[in-house]
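Topology and contacts: notes
For reference, the chains in residue letters:
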Amino acid sequence: MRSTKQPSILEKAAGCLPTQAALTAIATVAGTPLAALLPVLGNSLAAERQRQRVEATLQEMNDVLVKHEALLATLTDQQYKFINEATLALLHTTNEHKMALLRNVVQNSLSASTLPDQEAVFLSRIIRDISAEEAEFLVANFAYERIWLNESNPADRERSTLAVKPNTPSGQVVLGLCTLGLVAAAEPTWDDSGLLRFTPLAAKLIALLRNPGA
């Protein structure tokens, strides 16, 4: 009799395909030269390193859920969505820092408060798309009330203002956060003219991304 492997706690909470299986599935339906390329790519040394990183992080995620298994019975739809999105996003990143952030999302989701459905959809999409650099910048600079994205130096202001030059890595990160909806134009007042600010949902995202042990 052929034995079947029992699904892990993580697989029960959020199903996902292993990396190799995902590549094979895509190749099956591609019907193009991509079909021949993907299995070969999946057998490369880079893919093996990726497999090891993904498997290690999946195990860490599973360990977190095993430790808090009693909470899984009362998961809300929003909490499930965050865990599921973090698990799926893991298959699409090679950045170890992003993998660590996704592991944090799994643990922090277990204590996340109930959110309106649209906020949960928005945050799930950001969890998938945000880069490690963007997340790091957000956490490090969220205390600033305003952002001055300009080549010139900002004027003296009462609000704490972070000056960022556009043609720098930090400037590119700020533009990325704007695209994600985490940074937006400040109020249309004289004092805030030309300034940016973090949007309210940025704080809720940080609560999901933060290191639970920090």
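Provided above is the structure to which this section pertains.
A brief look at the structure comes next.

**As for helix α11 (residues 201-209)**
Turning to α11, its buried residues number three or more, namely Leu201, Ala202, Leu205, Ile206, Leu208 and Leu209. Buried residues of α11 fall within an arc of 160 degrees about the axis and therefore sit on the same side. Where α11 is buried, its residues contact α6 (77-90), α7 (96-109), α8 (117-129), α9 (132-141) and β4 (196-198).

**Some thoughts on the environment of Met99**
As for its placement among the helices and strands, Met99 is situated in helix α7. Residues Met99 and Val54 lie 45 residues apart in sequence; the distance between their C-alpha atoms is 8.0 Å. Each residue touching Met99, except ones within four places of it in the same chain, is listed here: Gln50, Arg53, Val54, Thr57, Leu90, Thr93 and Thr94.

**Overview of the environment of Ala132**
Along the chain, Ala132 turns up in helix α9. Setting aside anything within four residues of it in sequence, one finds Ala132 in contact with Asn95, His97, Lys98 and Leu101.

Conventions and cut-offs
Residues numbered from 1 in each chain as written. Predicted model: local features only at pLDDT ≥ 70, side-chain atom pairs only at ≥ 80, totals over all residues. Heavy atoms only, no water. Buried < 20%, exposed > 50% of the residue type's maximum accessible area, 1.4 Å probe, protein only. Helix = DSSP H or I, 4+ residues; strand = E, 2+ residues; numbered from the N terminus. Arc of directions from axis to C-beta. Contact = heavy atoms within 4.5 Å.

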